[in-house]
Amino acid sequence: MNAPIVSFNHVGKTFDVDGFELEAIREFNLDIAEGEFVAIVGSSGCGKSTLLRLLVGLDRQFRGQISVDGKAVTGIGGERGIVFQEHRLFPWLSVADNIGLGLVNEPLSAAQKHKRIHDFIALVGLGDFARAYPHQLSGGMAQRVAIARGLVASPRILLLDEPFGALDALTRQQMQDELLAIRARAKITTVLVTHDVEEAIFLADRVVVMEPRPGRIKQVVDIALPHPRQRSSFDFHQLREELLHELTSDGHYQPPVSVQVRDLPLSFIAY
Ligand SMILES: Nc1ncnc2c1ncn2[C@@H]1O[C@H](COP(=O)(O)OP(=O)(O)O)[C@@H](O)[C@H]1O
Ligand SMILES: [Mg+2]
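Reference entry: report on the structure contained in this document. Being a predicted model, the structure only gives us computed values, none of them experimental. (Residues numbered from 1 in each chain as written. Chains lettered and ligands numbered in written order. Predicted model: local features only at pLDDT ≥ 70, side-chain atom pairs only at ≥ 80, totals over all residues. Heavy atoms only, no water.)

### Digging into the environment of E23
Then, number 1: Considering the arrangement of structural elements, one finds E23 in strand 2 (residues 20-32).
Then, number 2: On a C-alpha basis, the gap between E23 and P212 in space is 9.8 Å, while along the polypeptide they are 189 residues apart.
Then, number 3: With near-sequence residues (within four places) excluded, E23 lies in contact with K13, T14, R63, P214 and G215.
Then, number 4: Of note is the side chain of E23, whose polar atom sits 2.8 Å from the side chain of R26. (Helix = DSSP H or I, 4+ residues; strand = E, 2+ residues; numbered from the N terminus. Contact = heavy atoms within 4.5 Å. Polar contact = N/O pair within 3.5 Å; in protein donor to acceptor, adjacent residues only side chain to side chain.)

### A short note on the side chain of T189
Then, number 1: Summarising the element assignment, T189 is placed in strand 8 (residues 189-194).
Then, number 2: Reaching out from T189, the side chain makes a polar contact with the backbone nitrogen of G35 at a distance of 2.8 Å.
Then, number 3: Setting aside anything within four residues of it in sequence, one finds T189 in contact with I5, I32, A33, E34, G35, E36, R156, I157, L158 and R183.

### Topic: the sheet that holds strand 5 (residues 71-72)
Then, number 1: Here four strands make up an open sheet; going across it, the order is 2-1-4-5 and the pairing antiparallel. Strand pairing shows two members of the sheet lacking a second neighbour, strand 2 and strand 5, which therefore form its edges.
Then, number 2: Where strand 1 (residues 6-17) meets strand 2, nine bridges bridge the pair, whose relative direction is antiparallel. Residue V6 lies in a different strand from strand 2, and its bridge partner there is I32. (Pairing = 2+ DSSP bridges.)

### A short note on the site of ligand 1
Then, number 1: Ligand 1 sits among 14 residues. The nearest are G45, G47, K48, S49 and T50.
Then, number 2: For ligand 1, an oxygen atom lies 2.9 Å from a polar atom in the side chain of S49.
Then, number 3: Compared with its free state, where it exposes 560 Å², ligand 1 has 74% of that area covered by protein.
Then, number 4: Among the secondary structure elements, those contributing two or more residues to the shell around ligand 1 are strand 1, strand 2 and helix 1 (48-56).
Then, number 5: With three residues, helix 1 is the single largest residue contributor to the shell around ligand 1. (Near = heavy atom within 4 Å. Areas by Shrake-Rupley, 256 points an atom, 1.4 Å probe, with all protein chains shown as cover.)

### Topic: unusual backbone geometry
Then, number 1: The linkage connecting R213 with the following residue, P214, adopts the cis geometry, with an omega of -10°.
Then, number 2: Considering the arrangement of structural elements, one finds P214 in the loop between strand 9 (206-211) and strand 10 (216-222).
Then, number 3: Within the chain, E27 stands out as a residue other than glycine whose phi angle is a positive 50°.
Then, number 4: With respect to the element layout, E27 can be found in strand 2.
Then, number 5: The exposure class assigned to E27 is partly exposed, which follows from its relative accessible area of 43%.
Then, number 6: A positive phi angle is found at E162, which is not glycine, with a value near 45°.
Then, number 7: Mapped onto the secondary structure, E162 falls in the loop between strand 7 (157-161) and helix 5 (169-185).
Then, number 8: The exposure class assigned to E162 is buried, which follows from its relative accessible area of 11%. (Buried < 20%, exposed > 50% of the residue type's maximum accessible area, 1.4 Å probe, protein only.)

### So, helix 3 (residues 110-123)
Then, number 1: Taking 1.5 Å as the rise per residue, helix 3 with 14 residues should run 20 Å; its terminal C-alpha atoms sit 20 Å apart, in good agreement.
Then, number 2: The complete set of buried residues in helix 3 reads I117, F120, I121 and L123. Down the axis of helix 3, the buried side of the element spans an arc of 160°, and every buried residue falls inside it. Every exposed residue of helix 3 that faces more than 90 degrees away from the buried side is listed here: A111, K115 and A122.
Then, number 3: Directly beyond the C-terminal end of helix 3, a positive phi value near 75° is found at G125. (Expected span 1.5 Å × (residues − 1). Arc of directions from axis to C-beta.)

### Details of a nonpolar patch on the surface
Then, number 1: Among the surface-exposed residues, F15, V17 and L22 lie close enough to one another that they form a single nonpolar patch of about 220 Å² accessible area.
Then, number 2: Along the chain, V17 falls in strand 1.
Then, number 3: On the accessibility criterion, V17 (38% relative accessible area) is partly exposed. (Patch = residues over 30% accessible without salt bridge, like charges linked within 9 Å, V, L, I, M, F, W, Y side chains within 5 Å. Salt bridge = Lys/Arg side-chain N within 4 Å of Asp/Glu carboxyl O.)

### Observations concerning the sheet that holds strand 3 (residues 37-41)
Then, number 1: The sheet built from six strands is open, its strands ordered 6-7-8-3-9-10 with mixed pairing. Looking along the sheet, the strands with just one partner apiece sit at the ends: strand 6 (80-83) and strand 10. With strand direction ignored, the average angle separating the axes of adjacent strands in the sheet is 20°.
Then, number 2: In this fold helix 1 packs onto strand 3, strand 6, strand 7, strand 8 and strand 9, with an angle of close to 150° to the strand it touches most, strand 7.
Then, number 3: Along the sheet, helix 4 (residues 139-151) makes contact with strand 6 and strand 7, crossing strand 6 at roughly 170°. (Axes fitted to C-alpha atoms, helices over the stretch in contact; angles between N-to-C directions.)

### What about the environment of I121?
Then, number 1: Position of I121 among the secondary structure elements: in helix 3.
Then, number 2: As a C-alpha pair, I121 and L170 span 49 residues in sequence and 21 Å in three-dimensional space.
Then, number 3: When neighbours within four sequence positions are excluded, I121 is seen to be in contact with V95, A96, I99, L126, G127 and A130.

Structure representation (structure tokens):
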């Protein structure tokens, strides 16, 4: 394997909750190759979002090392774009302006920004909605805007935290197809957090199965199925059974409840 683009080495994270120590992540080790698509699955509370927050540089209090391109992560950076489960669009900004927030830190002229924004609006199939406002969009469309905002600065790593969790099943499948199409055009290293085993198998090259309390890796599974993957195929079905068994065999698996929304600084949402 070439030098990994992302490397977690002995990463651990403990929160202080009212004077008690809550061990959220224990001994997480993972190397991700350039261009790879890794999915992290696990029940709610097993530290998936925490891992992404550490990787994106939002929280620097942790044990071990996380590096991107061999350099320790010390804060947020334009080479890492993130998309959350709730799209976090600003209601008073148009689709184009919401996507443009992803470019505020980029040294581009206004004309270059305009072109880039409209290229990405087209990429996610919203060509007719550049001037629309979030309340005029369906959930799937809003999530596409969020993905465009995550991609517009051309990050080398795209981090997705349950990005399709709030969508209905059909829209979710359409968005999964679209994500693969975008990836095929813009070879981008992708880390997807999901509780949906089927989504992980449909999309990823490798699936990291987490177990909770403390959050740690239970198993890493290679998904060698060729694309486009058939959800109804025998191999797909078997992998799904295997992974579901991994997730449920300790009796801890709980389907996720509501999403935890934590306020982020505007500078972060906008980078
Ligand atoms: N800011 C925080 N303060 C205290 N505890 C937290 C904080 N963020 C997460 N946790 C706890 O850490 C554990 C992992 O949370 P999280 O990473 O959100 O899990 P997941 O995304 O897998 O559902 C949970 O027990 C959660 O309550
Ligand atoms: Mg989470």
